[in-house]
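Next come the chains, spelled out residue by residue.
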Amino acid sequence: MNTLRLNPKYSDQERREAIYNGNLLLHTASPAVTNLRNWADELISEAFGAEPQKAQYDMAVEQFVTVAGPLKSKFTNHQKTKELIRDILKEFGCDLERTYFDVPRLRVVSSDGYLTAGVGYAYKAHRDSWYGAPDCQLNWWFPIYDLDVNQTMSMYTNYWAAPIQNSSDAYNHKEWIEVGRTLAASQITTDTRKHPLPTEKVDESGEMRIVSAAAEMLVFSGSYLHATAPNTSGKTRFSIDFRTISLDDLLARKGAPNVDCKASGLDVYLKDFLLASDFSPIADEYAAPYADSARAAA
Ligand SMILES: [Fe+2]
């Protein structure tokens, strides 16, 4: 059964369990999420002007990339961004001493195929686990501006418990960070990074699109099959996502069922995570047991 829960009043542990069981959670705008949304809007408007969702129509794509790239980096690496994430996790009742997050990403998804590579890559159907995420990863996602059905994400409900053939066995996160990230900024027309992808046709009969308003937070398992829906809305989509991991679940190897993932390099993937309380990086002793052999055995 697929369930979308609106504003559930979960404890942090109940939330994690609901997500490991395939629930999707949607939260209407809260003060802390609105603060992060407003901060992103400030940076976006500074970079793209008064109508950022329409800026692509007044700029050559090469110029758009030179604005979007630094904007994304500034948002991701700014200390204020981390502090606002911590506020969100506190507001949601997470134990800041046992919760890790990775720095949030600002996604810029242009309309009508204007920019689909590099900094504007539109993610095809994937599970984050194919990119090295552990089974206990939670994804947090919200738009900066109200969404249209043709500029949101696609959630593929048919594949929560069912496998799909994919190329995650060729994905190693260590290689990805060495090669992929440095390439992203230089890619405009094609994306040559080796993304893990489905190798059979995705059955789209169970596709669900959640059309949320600004600062409405969707929380879902990193193992849920999802994609960037083709943006045909006539407006660039700006959204924020970040991921969290509960240390307790990481140590206990709790999480979503692994139905088809064979990615490796999870130990390297985990090194991007910071403790919510003081932003210290995750200790090697927690990441090391997730070295390559761990996923192969799953
Ligand atoms: Fe994803």
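Placed above this text is the structure.
Residues numbered from 1 in each chain as written. Predicted model: local features only at pLDDT ≥ 70, side-chain atom pairs only at ≥ 80, totals over all residues. Heavy atoms only, no water.

1. Thoughts on the overall build of the protein chain
Operational definition: Each helix is a run of DSSP H or I of at least 4 residues and each strand a run of E of at least 2, with the numbering of both proceeding from the N terminus. C-alpha atoms define the radius of gyration, and 2.2 Å times the number of residues to the power 0.38 defines the globule rule. To sort residues, take the accessible area from a 1.4 Å probe on protein chains only and compare it with the maximum for the residue type: under 20% means buried, over 50% means exposed, and anything in between is partly exposed. In this description, contact between two residues means that some pair of their heavy atoms is separated by no more than 4.5 Å. Computed with a 1.4 Å probe, the accessible areas rest on the Shrake-Rupley method; for each residue, only the protein chains presented here act as cover. None of His or the chain ends enter the tally, which takes Lys and Arg as positive and Asp and Glu as negative. Charged side chains are reduced to one point each, which is NZ for Lys, CZ for Arg, CG for Asp and CD for Glu.
A tally of helices and strands in the protein chain yields 9 helices and 11 strands. Scaling as 2.2 N^0.38, a compact globule of 298 residues should have a C-alpha radius of gyration of about 19 Å, and the protein chain matches this with 18 Å. Oriented by its inertia axes, the alpha-carbon framework of the protein chain measures out at about 50 × 40 × 35 Å. When the 298 residues of the protein chain are sorted by exposure, 56% land in the buried category. For the protein chain, long-range pairs separated by at least 24 residues make up 87% of all intrachain contacts whose partners lie at least 6 apart in sequence. For the protein chain, the accessible surface area stands at approximately 12,500 Å², while carbon and sulfur atoms represent 51% of it. Within the protein chain, one finds 31 positive and 39 negative side-chain charges whose respective centroids are separated by 1 Å.

2. Describing the coordination of the iron ion
Formally: Distances decide who is a donor: an N, O or S atom must be within 2.8 Å of the metal, or within 3.2 Å for Na, K and Ca. Water is not included, so sites may look incomplete.
Looking at the iron ion, the protein donor atoms are His126 (NE2), Asp128 (OD) and His226 (NE2), and they sit 2.2 Å from it. Every donor residue of the iron ion comes from the same chain, spaced as H-x1-D-x97-H. A residue pair is termed long-range when its members are at least 10 positions apart, and Asp128 in the loop between strand 4 (105-109) and strand 5 (138-143) and His226 in strand 9 (residues 226-228) qualify at 98 residues. When its relative accessible area of 8% is taken as the criterion, Asp128 is described as buried.

3. A closer look at the pattern of salt bridges
Here is the rule we go by: Just to be clear on terms, a salt bridge is a Lys or Arg side-chain nitrogen sitting within 4 Å of an Asp or Glu carboxyl oxygen.
Tallied over the full model, the rule gives 13 salt bridges. One salt bridge in this structure joins Arg209 and Glu207, with 2.8 Å as the shortest N-O distance. The exposure class of Arg209 is partly exposed, given its relative accessible area of 28%. By relative accessible area, Glu207 is classed as partly exposed at 28%.

4. A few points about the pairing of strand 2 (residues 24-27)
If a strand is regular, its side chains alternate between the two faces of the sheet. Just so we agree on the cut-off: For two strands to be treated as a pair, DSSP must find no fewer than two bridges joining them. Crossover handedness is defined here as right-handed if the route from the first strand over the helix to the second strand goes clockwise, with the strands pointing away from the viewer.
Judged by which residues are buried, strand 2 turns out to be covered on both faces: Leu24 and Leu26 on one side and Leu25 and His27 on the other are all buried. Bridge count for strand 1 (residues 4-6) against strand 2 is 3 bridges, and the pairing is parallel. Across the sheet, Leu6 pairs through a bridge with Leu26, a residue of strand 2. With helix 1 (residues 12-20) bridging strand 1 and its parallel neighbour strand 2, the resulting β-α-β unit is right-handed. Bridge count between strand 2 and strand 8 (residues 217-221): 3 bridges; the pairing is antiparallel. Each residue of the ladder has a partner; that of Leu25, found in strand 8, is Val219.

5. Some details on empty space enclosed by the protein
Selection rule: Using a 1 Å grid laid over the protein atoms alone, points where a 1.4 Å probe fits but cannot get out form a cavity; open sets with protein on both sides within 12 Å along at least 5 of 7 lines form a pocket; any residue with an atom within 4 Å of a point counts as lining. Grid points are joined across faces, edges and corners, and a volume is the space filled by probe spheres set on the points. All amino acids are sorted into three groups, where Ala, Val, Leu, Ile, Met, Phe, Trp, Tyr, Cys and Pro are nonpolar, Asp, Glu, Lys and Arg are charged, and the leftover types, Gly among them, are polar.
Enumeration over the complete set of coordinates arrives at 2 cavities of 30 Å³ or more. The volume enclosed by the largest cavity comes to roughly 50 Å³. Contributing to the lining of the largest cavity are Asp12, Arg16, Cys94, Thr99, Cys136, Leu138, Thr244, Ile245 and Ser246. Every element with two or more residues in the lining of the largest cavity is listed here: helix 1 and strand 10 (237-246). Ranked by residues supplied to the lining of the largest cavity, first place goes to strand 10 with 3 residues. Here the residues of the lining of the largest cavity sort into 4 nonpolar, 3 polar and 2 charged. Estimates place the volume of the second largest cavity at around 30 Å³. Across the lining of the second largest cavity, the residue classes tally to 5 nonpolar, 1 polar and no charged.

6. Considerations on helix 1
Taken together, the buried positions of helix 1 are Asp12, Arg15, Arg16, Ala18, Ile19 and Tyr20. Here the buried face of helix 1 lies against strand 2, strand 3 (99-102), strand 5, strand 8, strand 10 and helix 6 (247-252). Positive phi appears at Gly22, one or two residues downstream of helix 1, with a value of about 90°.

Everything listed is a geometric property; what it means functionally is a separate question.
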